[in-house]
Amino acid sequence: MTGGRHLVIVESPAKARTISRYLGDDYIVQASVGHIRDIPVPRDLPAEMKKGPYGKFGVDVDGGFDPYYIVSPDKKKTVADLKKALKDADTLYLATDEDREGEAIAWHLLETLKPKKSLPVKRMVFHEITKDAILAALENTREIDSHLVDAQETRRILDRLVGFELSPVLWRKIKPSLSAGRVQSVATRLVVERERERMAFVAADYWDVTGTFGAESEQFTAKIATVDGARVASGSDFADDGTLKPRAASATVLTEESTRTLIEALTDAPATVSSLESKPYTRRPAAPFTTSSLQQEASRKLRLGARQAMRVAQSLYENGYITYMRTDSVTLSGEAIKASRAQAAELYGSQYVPDKPRYYQTKSQSAQEAHEAIRPAGDRFRTPADVSGSLSGDEFRLYELIWKRTVASQMADAKGTTSTVELQLEQKDRTATFRAAGTVITFRGFLAAYEEGRDASRYGSDEAEGKGDKRLPQMEEGQKLDTRELIPDGHSTTPPPRYTEASLVRALEERGIGRPSTYASTVATVQDRGYVLRRGTALVPSWVAFAVVRLLEEHFGAFIDYDFTAQMEQQLDRMAQGELSRAEYLKNFYHSDGTDGPIGLKPMVDDLGDIDARAINSIDIGEGITLRVGRYGAYVERAARDENGELIEGADPQRSSVSDDVAPDELTVALATEMLERAKDDGKVLGTDPETGHEIVAKDGRFGPYVTEILPDPEENGGKKVAKAKQPKPRTGSLLKTMELATITLEDALKLLSLPRVVGTTEDGTEVTAQNGRYGPYLKKGTDSRSLESEEQLFTVTMEEAEKLYAQPKTRGRAAAKPPLKELGTDPTSEKPIVIKDGRFGAYITDGTTNVSLRASESVEEITEKVAIEKLAEKRAKGPAKKPAAKRKAPAKKSTTTKKSTTTKKSTTAKK
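Reading guide: rules and limits
Residues numbered from 1 in each chain as written. Predicted model: local features only at pLDDT ≥ 70, side-chain atom pairs only at ≥ 80, totals over all residues. Heavy atoms only, no water. Helix = DSSP H or I, 4+ residues; strand = E, 2+ residues; numbered from the N terminus. Pairing = 2+ DSSP bridges. Axes fitted to C-alpha atoms, helices over the stretch in contact; angles between N-to-C directions. Salt bridge = Lys/Arg side-chain N within 4 Å of Asp/Glu carboxyl O. Buried < 20%, exposed > 50% of the residue type's maximum accessible area, 1.4 Å probe, protein only. Parallel < 35°, antiparallel > 145°, perpendicular 65-115°, else oblique. Contact = heavy atoms within 4.5 Å. Left-handed = near helix turned anticlockwise from the far one by under 90°. Nonpolar A, V, L, I, M, F, W, Y, C, P; charged D, E, K, R; others polar. Core = buried A, V, L, I, M, F, W, Y, C linked by side-chain atoms within 4.5 Å. pLDDT = per-residue confidence, 0-100. Expected span 1.5 Å × (residues − 1). Patch = residues over 30% accessible without salt bridge, like charges linked within 9 Å, V, L, I, M, F, W, Y side chains within 5 Å. Areas by Shrake-Rupley, 256 points an atom, 1.4 Å probe, with all protein chains shown as cover. Lys, Arg positive; Asp, Glu negative; His and termini not counted. Charge placed at Lys NZ, Arg CZ, Asp CG, Glu CD. Right-handed = clockwise from strand over helix to strand, strands pointing away. Phe/Tyr/Trp six-rings, centres within 6.5 Å; stacked < 30°, edge-to-face > 60°.

Right, let's get into the environment of arginine 430. With respect to the element layout, arginine 430 can be found in strand β13 (residues 430-443). In the structure, arginine 430 is positioned 201 residues away from glycine 229 in sequence and 9.7 Å away in space, judged by C-alpha atoms.

If you want it as C-alpha cells, here you go:
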C-alpha cells in the first residue's frame, strides 16, 4: 500500500524497530508494550463502581459476566502517544500476535483508541518477522476474530473468579497473602504429589554382578541376568514400598552374601555363548520444536528455566531470527521444509537427506495456536555461523538449538545394528547367565546435526539390562570365552525423581493443562509464590504448598482435578473456534447448582462448612511428632517429655522451627527428634544479672546461638507506653566457637554481654575496645582496628599489649589461612578444588567461589565429594541473596475532581 500515513501497532518496541526496517517512510510503527487494559482489582475501581455489581471481582457475575476494564496506570502515556499518532493516520493496522492474547490486545486497542468510523482498521498477522512475511501480511489483512477474544477474556475471568473466591479461604485457614489459581494450583499439586511419593518411599537393597569376558585380545562386559534359572531382580522390579512388584515375584534378589558366594562358585568358570542375535537399528529424528519441547530441551541442554527460555525466544522472534515461539504445532511450512532439506544437503551431503520430505503431525487434538513449529525465520535459514556476529550468549545458544532441531527434522534416519549376546556359566552346581547388548551406528543420519536430550530416569540408563552404545566383538553360538573377572555391585532403589521445570512443563502438556502461552508463567508463578523452591534444577515443594494442596483437595477437589482442568482448556478451545457460548459456559462454571453437571464455584464456596485449620496445617512425621505450618514458618511439635522420655502432663508441647533448607522428604523421625532435642536449650534461662536484675537467656537464632537479657515491660511496672523506636534494646552476644548452647553458664553469658570491653584510653582520650565481629575478635581505636589472635583475648588483652599491637604496621588482607578440615576433590563446574573449612559461623564447603554452610545436624566426616558437589550446585542455582527493597515514600495523592478516570465497560458491539 502506498500513499498517506499508516499507523502499525505491535506489542513490543523491539518488534516495532524490526518491522519498521521493512516498511517505508509512510508507515509509523509503535508499540503498545503488551496489554493496555485489564480488569482492575476492587481497590482500583472508581469509587462509584465499588458498591455496584463490579465491586467484588471487577466482573458482573449476574449480568452476563460483563468485565469492567480500565487502562493500566503505567500505560496511560502509551495510550496518549498512540492516540496522537492515530490523528494523522489514514489507516490503522493492528499487528499484534495471532494467538488469543494478541487478538485480545488488538481488540482492547480498538476499544480504547476509538478510531473514526471513516478510518480503515485492518488486522495484520504474521508468524515470522522477515521482509517477505511483513509485506505479505500487509496485503492479506482480516477482521478481529471475536471468538479468539472471547476465549482469552473467558480465561481471564475464570482466573479472576477462582483466585478471588479461593484465596480468601487460604488466608483464613493457612496464612495471609497466599493465592490459589486455576492452573498454578494444579501445577503445585503435581509437585506436592511427587514429594509425597518420595516421603512414602522405602529403599530396597539389591546386588548384581558385572562380568568381563573375552577371547584372545578382545574383551567386553556383561551384566548378570539369571541365577540357577531364576531372573535376577533389578531396580525397576521394586515398588515404592521396598517390596517386589507382582510381575517380579519370582525374581531372585541377590544380597551381598549370596552374590559373593555365587562369585566364589563361578570364578574361572568358562563362558559359553548360548545365544547371539543381531537386528537392524533405526532411529528417526525428533519433530521440530513446539513451545513445550523448546522449554524442555533448553532446560536439559542449556540450563535455561522456562521463563528465561521464553524471554530469549521472544527476543529472537522480535528481531527476526525465528518464527513465533508460542505454538503447539509441529508442522513446517513448505518453504521451511525446502530450506531445511537444502541446508542439510549443503552442509552434510545429499546422502543425509531422505528422498521424500518428512511431515509431522501434532499429537494434541486440542492444538489451537495458528502457527507452524518454531524454526529459523525466512525461506533460507541463517546458520549459527551466519549469526555468530550478531547474536551472543543465550540468544546464540538458543538459536543454534532451534536451527539444529529444524534441520535435523528433515534429515535421514540414523541406522546401525543392535547385537545381543547371552553367556552361560556353570560350575560347582551353580549356573548363571550374563547378557550384553551393544548398538553400532553405521550411518549417523540426523545425529550428525542433532540428538534430543532426555530427562533423568529413576532407574538410570537401561540399568540392569546391560544395554548401551558399545561394540561387541565377533562371536558365534557355542564359542567358549574366558571369564576374566566377576565384580559384585550393591545398589539401593531410589525414589521418583523430583520435577524439573522441563519435566513439569511436559507433565502439564501431557495432561492437557495450560497452553503454550501459559507454561512458562505457570512454572514461574508457583516459584514466585513460594509454593515451590529450586534445589539445583529440581523443584521442591514448600510445607505451605502441602497445606494449600490438602485444603484444595479436601474442599475444592473439582478445581484441582487434572481431568477437570484439562476439560476447561478444551472448552476454551471450543470457544475460540466459535462452538461454545462464553456467557453460558461462565454461568455453568460459577452458578451451577449441580443439577446438570458439576456444582458451580459459588455454591461450593457458600456451603463450605467447617474447615479444621489445625488438621489442614498438620503432617504426621511419626512417633508422636507432627509438622505444623504456622504463620511464621513450619515447625515440628510433640508432647513434652522428661529426661527419661516420659510424657509430662499439662506441659506445653516441645517445638522446633524447620529450616527451608530441609526438604520435606528429608524430615525423618530421627532428624525431627534431633531438632526437638536441640530446641530444649533454646530460650533456656541461665540466671539473673546481679547488676541489673534482668534475666539472661540463651537462644538459637537465625545466625547461630546467642545470649540476651530480658528487659521488663515498661507498662507492667506502671510506666507509660513507650514508642517502639525509643524502647531500650537488650544486650546480646554471640557464643564463642568454644561454647555450646547446652552447656553455656551464666558466668559465660555475662562475659559475652560485657562486650565490647573497654581495654583502656590513649593519651589523647580515645578509647580502645575489644570487640567480637563478623570476621573474628579485634581491637578498635576510633576508626583504626587490629585483629586479635584468639577469642579468649577479648577478655584478657591489656592496654600495654594493645599499644604494642597498634605500634606495628597494619597488615592488609586477612591472616594466614587455616588448613582445611577436609579435602574433597575437584568441582566439575568451577574446576577448582573443594574443601571444608572452619569459618566464623561454623564449618562450610567451598570451591573458592561458592560457599555452603553445613547444618548443625551434618558432620564434616559424613560429607562426601558427591554431596559437596550437589550442595555447591544448589547454591549456585539459587544465585546471590536478594537485598531487601528500600522503603519508598507513598506518593502524594492527586486530585481526581478535575480529571475523569479512563474506564470502560466491555462493548460487545465492537466485537461483532
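Attention now goes to the sheet that holds strand β1 (residues 6-10). Strand order in the open sheet made by the 4 strands is β2-β1-β6-β7, with parallel pairing throughout. Strands with a single pairing partner mark the edges of an open sheet, and in this sheet they are β2 (27-31) and β7 (121-123). Within the sheet, the average angular offset between the axes of one strand and its neighbour, ignoring direction, is 20°. The pairing of β1 with strand β6 (residues 91-94) spans 4 bridges and is classified as parallel. Opposite isoleucine 9, over in β6, you have leucine 94 as the bridge partner.

We now examine the pattern of salt bridges. Applying the stated criterion across every chain yields a total of 50 salt bridges. Among the ionic pairs, aspartate 237 bridges to arginine 231, the shortest N-O distance being 2.8 Å. Overall, the relative accessible area of 1% leaves aspartate 237 in the buried class. On the accessibility criterion, arginine 231 (38% relative accessible area) is partly exposed. Close ionic contact of arginine 534 with glutamate 501 constitutes a salt bridge, the shortest N to O distance being 3.6 Å. Of this pair, arginine 534 sits in strand β15 (residues 532-535) while glutamate 501 sits in helix α13 (residues 501-510), placing them 33 residues apart in sequence. Residue class for arginine 534 comes out partly exposed when judged on its relative accessible area of 32%. You can call glutamate 501 buried: its relative accessible area is 10%.

At a minimum axis separation of 10 Å, helix α9 (residues 306-318) and helix α12 (residues 393-408) run at an interaxial angle of 85°. Looking at the two axes, α9 sits roughly perpendicular to α12. Of the residues in α12, those touching α9 at Gln308, Ala309, Val312, Ala313, Ser315 and Leu316 are Asp394, Glu395, Leu398 and Tyr399.

It is worth spelling out the packing of helix α16 (residues 562-576) against helix α17 (residues 582-591) at this point. Contact pair α16 / α17: the axes reach a minimum separation of 11 Å and the direction vectors enclose 160°. If you check the angle between α16 and α17, you find them roughly antiparallel. Here α16 runs over α17; the crossing is left-handed. Between α16 and α17, the contacting residues are Phe564, Met568, Gln571 and Met575 on the first element and Arg582, Tyr585 and Phe589 on the second. Looking at side-chain class alone, the contact of α16 with α17 contains 5 nonpolar, 1 polar and 1 charged residues.

A cis amide bond links leucine 755 to the next residue, proline 756, at an omega of -5°. As for its position among the elements, proline 756 is in the loop between α21 (746-753) and β25 (757-761). The backbone of valine 33 shows a phi angle near 55°, a positive value even though the residue is not glycine. Of note, valine 33 is situated in the loop between β2 and β3 (37-38). Phi at phenylalanine 65 takes a positive value of approximately 55°, unusual for a residue other than glycine. Mapped onto the elements of the fold, phenylalanine 65 is located in the loop between β4 (59-60) and β5 (66-71). According to the relative accessible area criterion, phenylalanine 65 is buried, its value standing at 3%.

Now for the nonpolar core. Membership of the largest hydrophobic core comes to 97 residues, with the highest contact counts inside it found for Phe556, Leu627 and Leu667. Aside from chain neighbours lying at most four places away, what touches leucine 667 is Trp543, Ile621, Leu627, Val636, Val662, Ala672 and Met675. The next biggest cluster of nonpolar side chains, apart from the first, holds 58 residues, and it includes Val10, Tyr93, Leu304 and Ile402.

This next bit is on the confidence of the model for the chain. Here the chain averages 86 in pLDDT, and 90% of its residues register 70 or above. In the model, residues 461-468 has pLDDT below 50 throughout and makes 14 contacts with residues more than four positions away in sequence or in other chains. The low-confidence segment residues 907-912 (pLDDT under 50) makes 10 contacts with residues lying over four places distant or belonging to another chain.

Here helix α10 (residues 334-348) is 15 residues long and its end C-alpha atoms lie 21 Å apart, about the 21 Å a rise of 1.5 Å per residue gives. If you check which residues of α10 are buried, you get Ala336, Ile337, Ala339, Ser340, Arg341, Gln343 and Ala344. Those residues of α10 that are buried are in contact with α12. Just downstream of α10 lies glycine 349, where phi reads positive at about 110°.

Another point: the sheet that holds strand β27 (residues 776-781). Taken together, 4 strands build an open sheet; the order of strands is β25-β26-β27-β28 and the sheet is antiparallel. Each of the sheet's edge strands pairs with one partner strand only, and the pair in question is β25 and β28 (784-787). This sheet shows a mean twist of 25° between the axes of neighbouring strands, independent of strand direction. In this sheet, β28 lies alongside β27 in antiparallel orientation, the contact comprising 4 bridges. Bridge pairing links lysine 780 to serine 785 in β28.

A cluster of acidic residues, Glu763, Asp764, Glu800, Glu801 and Glu803, forms a negative patch at the surface. As for its placement among the helices and strands, aspartate 764 is situated in the loop between β25 and β26 (767-773).

Glancing now at the pairing of β26. Looking along a regular strand, one sees the side chains alternate between the two faces of the sheet. In terms of burial, β26 is largely enclosed, as 5 of its 7 residues are buried. When β25 meets β26, the two strands line up antiparallel, connected through 4 bridges. The partner of valine 758 across the bridge, within β26, is threonine 769. Note: β26 against β27, 6 bridges, orientation antiparallel. What sits directly across from valine 768, in β27, is lysine 781. Joining the antiparallel neighbours β26 and β27 is a turn of 2 residues.

Here the focus is the pairing of β1. Within β1, 5 of the 5 residues are buried, which leaves it mostly tucked inside the rest of the structure. Where burial is concerned, the two faces of β1 agree: the one with His6, Val8 and Val10 and the one with Leu7 and Ile9 are both buried. Handedness of the β-α-β unit built from β1, helix α1 (residues 13-20) and β2 comes out right-handed.

Counted under the stated rule, the structure contains 16 aromatic pairs. Ring centres of tyrosine 27 and tyrosine 93 lie 6.3 Å apart, and the angle between their planes is 45°; on these two criteria the pair is classed as tilted. Separated by 66 residues along the polypeptide, tyrosine 27 in strand β2 and tyrosine 93 in strand β6 bring together distant segments of the chain. With relative accessibility at 12%, the residue tyrosine 27 sits in the buried group. Residues tyrosine 69 and tryptophan 107 carry aromatic rings whose centres are separated by 6.2 Å and whose planes lie at 70° to one another, so their mutual orientation is edge-to-face. With tyrosine 69 in strand β5 and tryptophan 107 in helix α3 (residues 100-113), this residue pair connects regions lying 38 residues apart in the sequence.

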